[in-house]
Structures are given as C-alpha cells and as structure tokens.
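Close look at the chain arrangement
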Number of protein chains: 2
Amino acid sequence: MPHTLCVSQASAARPRPHDADSLLRVAVAVFNERGYDGARMTDLAQAAGITKSAIYHHVRSKEELLRLGLERALGGIFAVLEEPAAREGPAILRLRHVLRRTTEVLVAELPYVTLLLRVRGNTATERWALEQRRTFDARVAALVAEAADDGALRSDVDPRLATRLLFGMVNSIVEWHRPGPGRAAAPIAAAVEALAVDGLSRRA
Amino acid sequence: MPHTLCVSQASAARPRPHDADSLLRVAVAVFNERGYDGARMTDLAQAAGITKSAIYHHVRSKEELLRLGLERALGGIFAVLEEPAAREGPAILRLRHVLRRTTEVLVAELPYVTLLLRVRGNTATERWALEQRRTFDARVAALVAEAADDGALRSDVDPRLATRLLFGMVNSIVEWHRPGPGRAAAPIAAAVEALAVDGLSRRA
C-alpha cells in the first residue's frame, strides 16, 4: 500500500525502534479521544504501557507523533491521486476512481484520517496539515471542474459546491463507521461512488 | 416559518422578556465557539453585554439556554416532516422535499443546527437532543426504505448506508457555510437534492 511509504520515508533519517508503529497507533487513539491539545505525554505513556522516557526514545515530542499520524493519513489520500486510474482517461472516470479509493483509504486508515479531519491549526504541524488538505481538496475540485468542462456533469450544480458536498459525504464516514467483521470498505466506497456520480434514484 | 413556533411553545408557560431571543442568539454563538462545557455564565454575560443576574432574569441555567437553542434547531427540522409535500405523494418525491427543505432549514438556522450537531451527551438536555436526532434520522431512513420498496431507488446501495451518506453530505454544510450576501440557502438545497437523488453526472 503506497501510503505506508510516507511514514517510512518520514522516519528514514533516523533508525526507529521496532514498536514505533504501535506507539503511533496508541498516540493517535489518545489524540482522537481527548483532542490533541488535551492529550499529555503522561496519557500517551499510560495508554501505551511504557514510561515517558521510553516514548522520548522513539520521538522528540508530542508534536512529532502528531506529524507522523497526519503524514500517514495524507500519504494515503495523496497516493490515490498518483494511481494510474486517477491520472489517465476521461475526467469523470478519474473522479469516480478518486471518490471510491479515497473512501477506501479513509476506512482503512480510519484513526489517522479522523485525526486529520479534526485538526484545528493551533500548532505549525496542524497548519501544515490544513495546507495539505487544502491542496488535496483543490486537486479534486480541479478534477470536478474538468469533468464539468467535458460536459460529463450536470450543468446546474456549481463544481465548487459539488466538491464541498462530495467531501462532506466522504468525510462524514469517520463520524459513524466503526471497524469490525462485515464492515468492509468496499461496499461503502461503492455506495459513495454510485450516490455521488449517479444518484440514489434508479436510472430509467 | 413553522420552526420558530417551537421556541414560542416551549416558553409559553412563562412570560419572557423582549430580548430573550437576542440572549439566546449570543449564548448559542458562545456555545459553538467554546463548546457548551467550556462556556461559563460569565462568558455569556460578557458576550451579551449584560450582568449574570440579568441572564438569570431570563433563564434559570446555562442548560436552559442550551435546551432553547436545541429546541429551535429540532423544531425547524421536525417541522419539515409535517409539511404537506413531506407527507403526501410518492416516497421518492417526499424524500426530495425533505432533503431540500432540511438543507434550507440548516442554512437558515445555521448556529442552532451547528449546536445540535455538536451535542456530546454529557447532560440530560444533550441526551434528549441526541434521542430527538435519532428519531429524525429514523424517519428519514424510513422514507428512503419506502422509496426503495417502491422500486424508485437503485437496488445496489443499502438504504441505511445511503441515509447515513445523505446526512453526512447535508450536515457537513455547517462546517463550511458562512452566511453572507450571495450565499442563499436555495442553491445549496437544490444542489443537495440534485446530487443525492440524480447524481453529479449528466443523465443521457
């Protein structure tokens, strides 16, 4: 999965202990539960079952854990835009692909994308993540506009408004989806694509 | 507008001073900015430019202000379900009406619906509001299921999943819509209806 590369690349400069990934998983869960501002290193240590100094063996700061978590989410969604089906072919088909795959990444990386969507902008890392989100949104908005220019979209809905509503639908999944048996990403992703592009009603 | 009736009915038992509505508006803005838990009566008094004892002349508690704000939002969306076009005719047309009108109410009552959507369930009033939201969601889900039974909806999307995605799209509007000139509710509501029911793509 291309998006895991992002974390590896981010940490390539410094050797990381074997359980850095599990520390990140715990930290992101605590951030999502208490809010990043409200989570203390003590809370992270307690949740991870290690000492604070053991955490500092892995990362320099709470903000570094935040950055690693956000990089994982951003790496996942940006990787979708680099997939061949998102780069080649008619814009409407590329848009379908991006909607479906972004939803799949959101479900597969639920805690990390939840963290990304709750970012407020109080730290440099959060502002960087917000900037990355805007870049991603702009790329999808450009794809919607391109499909509209091709005449593939209905002409009575503004492409920018459509883009916002589509993201609203996709992003809302973090509010109600809970992982578990029989709760695979694929049917949700297919429903998003179907609903967004073709609508809920049966086509004549 | 039928939804303002709800507040009037709720406060009919006790005469309310003339500026109770403006106090409510200020209180809801403070709740949305600081979170209900984080907002103190001192903050409300300061924002309203009155003393705390003047607030207690209007309401018994912070929680009463919360209830009034939530009643206004809930009154608005439940009133939609009582409109003739939501009660009579084929389910697919009733669903269209409910999607469009709910979006219009959300935009018209933005701060109150924002408050409703951020409710966490820490107080009895919040739990009551969450219960009301579930009731509303269930009524719309029933409408989607009815339209599916009529054969008016595509058969490859589960009606419950579709309902969640539709609400995700509508509710996300509170995250980005800001009132202002040229930002009317009608185009947004029309876009929600068009996108949800007919989809973004041009029909052949």
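It should be noted that the structure appears before, not after, this text.
In this report, the structure presented in the accompanying data block is examined.

Parameters and conventions
- By convention here, each chain's residues receive numbers from 1 onward along its written sequence.
- Whichever chain is written first becomes A and whichever ligand is written first becomes 1, with later ones labelled in order.
- Per-residue local features of the predicted model are confined to residues with pLDDT of at least 70, and side-chain atom pairs are confined, for both listing and counting, to 80 or more; whole-chain, interface and lining totals are unaffected and use all residues.
- Only hydrogens and water are removed before side-chain values are computed, so all heavy atoms of the structure are retained for them.
- Stacked, tilted and edge-to-face are the three classes assigned to paired rings of Phe, Tyr and Trp, where Trp is represented by its six-membered ring and a pair needs centres within 6.5 Å; plane angles under 30 degrees give stacked, over 60 edge-to-face, the rest tilted.
- The classification of residues rests on relative accessible area computed with a 1.4 Å probe and restricted to protein chains. Under 20% of the type maximum is buried, over 50% is exposed, and intermediate values are partly exposed.
- Any Lys NZ or Arg CZ found within 6 Å of a ring centre and within 35 degrees of that ring's normal is scored as a charge over the ring.
- Here a residue-residue contact requires only that any non-hydrogen atoms of the pair lie within 4.5 Å.
- Accessible area that two parts lose when put together, with a 1.4 Å probe and added across both, is what the buried area reports.
- For this document, the term salt bridge refers to a Lys or Arg side-chain nitrogen within 4 Å of an Asp or Glu carboxyl oxygen.
- Polar contacts, as counted here, are pairs of nitrogen or oxygen atoms within 3.5 Å of one another; within protein the pair requires one atom able to donate a hydrogen and one able to accept it, and residues that are adjacent in sequence qualify only if both atoms are side-chain atoms.
- Where helices and strands are cited, they refer to DSSP runs of H or I of at least four residues and of E of at least two residues respectively, numbered from the N terminus.
- In this count, Pro and Cys sit with the nonpolar residues alongside Ala, Val, Leu, Ile, Met, Phe, Trp and Tyr, while Asp, Glu, Lys and Arg are called charged and the others, Gly among them, polar.
- When the copies are superposed, the least-squares fit draws on C-alpha atoms of residues that have pLDDT of at least 70 in both.
- Nine residue types can take part in a nonpolar core, namely buried Ala, Val, Leu, Ile, Met, Phe, Trp, Tyr and Cys, and a core is a set of them joined through side-chain atoms within 4.5 Å.

**So, the packing of aromatic side chains**
Per the counting criterion, the structure on display carries six aromatic pairs over all chains. Between the aromatic rings of B:Phe31 and B:Tyr36, the centroid separation amounts to 5.0 Å while the plane-to-plane angle is 80°, which identifies the pairing as edge-to-face. The class of B:Tyr36 is buried, set by a relative accessible area of 11%. Members of the aromatic cluster, each reached through a chain of ring pairs, are A:Phe78, A:Phe136 and A:Phe167. Directly above the ring of A:Tyr36 sits A:Lys62, whose terminal nitrogen or CZ lies 4.3 Å from the centroid.

**Things to note about the interface of chain A and chain B**
Residue-level contacts link 32 residues of chain A with 32 residues of chain B. Three residues stand out in chain A for area buried against chain B, namely A:Arg154, A:Leu165 and A:Leu200, and they jointly supply 24% of the buried area on that side. The tally of links from chain A across to chain B stands at two salt bridges. Taking the shortest distance from any N to any O, the salt bridge between A:Asp198 and B:Arg154 comes out at 3.9 Å. On inspection of chain A and its partner chain B, the count reaches 17 residue pairs in polar contact (both at pLDDT 80 or more). Mapped by element, the contributors of at least two residues to the side of chain A that touches chain B are α7 (91-108), α10 (159-171), α11 (173-176) and α12 (185-198) of chain A. It is α12(A) that provides the largest number of residues to the side of chain A that touches chain B, a total of nine residues. Residue composition of the side of chain A that touches chain B, grouped by class: 21 nonpolar, six polar and five charged.

**Focus: the relation of the copies chain A and chain B**
With an RMSD of 0.0 Å, chain A superimposes on chain B once it is rotated by 180° and translated 0.0 Å along the axis. The superposition operator between the copies reduces to a two-fold rotation axis. Residues of chain A ranked by C-alpha distance from the rotation axis are headed by A:Gly199, positioned 1.8 Å from it. Comparing interface residues between copies, 100% of those in chain A also sit at the interface in chain B, which points to an isologous, same-surface contact.

**Some thoughts on the nonpolar core**
Counting 132 residues, the largest nonpolar core has A:Phe31, A:Leu65, A:Leu165, B:Phe31, B:Leu65 and B:Leu165 as its most contacted members. Aside from chain neighbours lying at most four places away, what touches A:Leu65 is A:Leu23, A:Leu24, A:Ala27, A:Phe31, A:Leu44, A:Ile55 and A:Val59.

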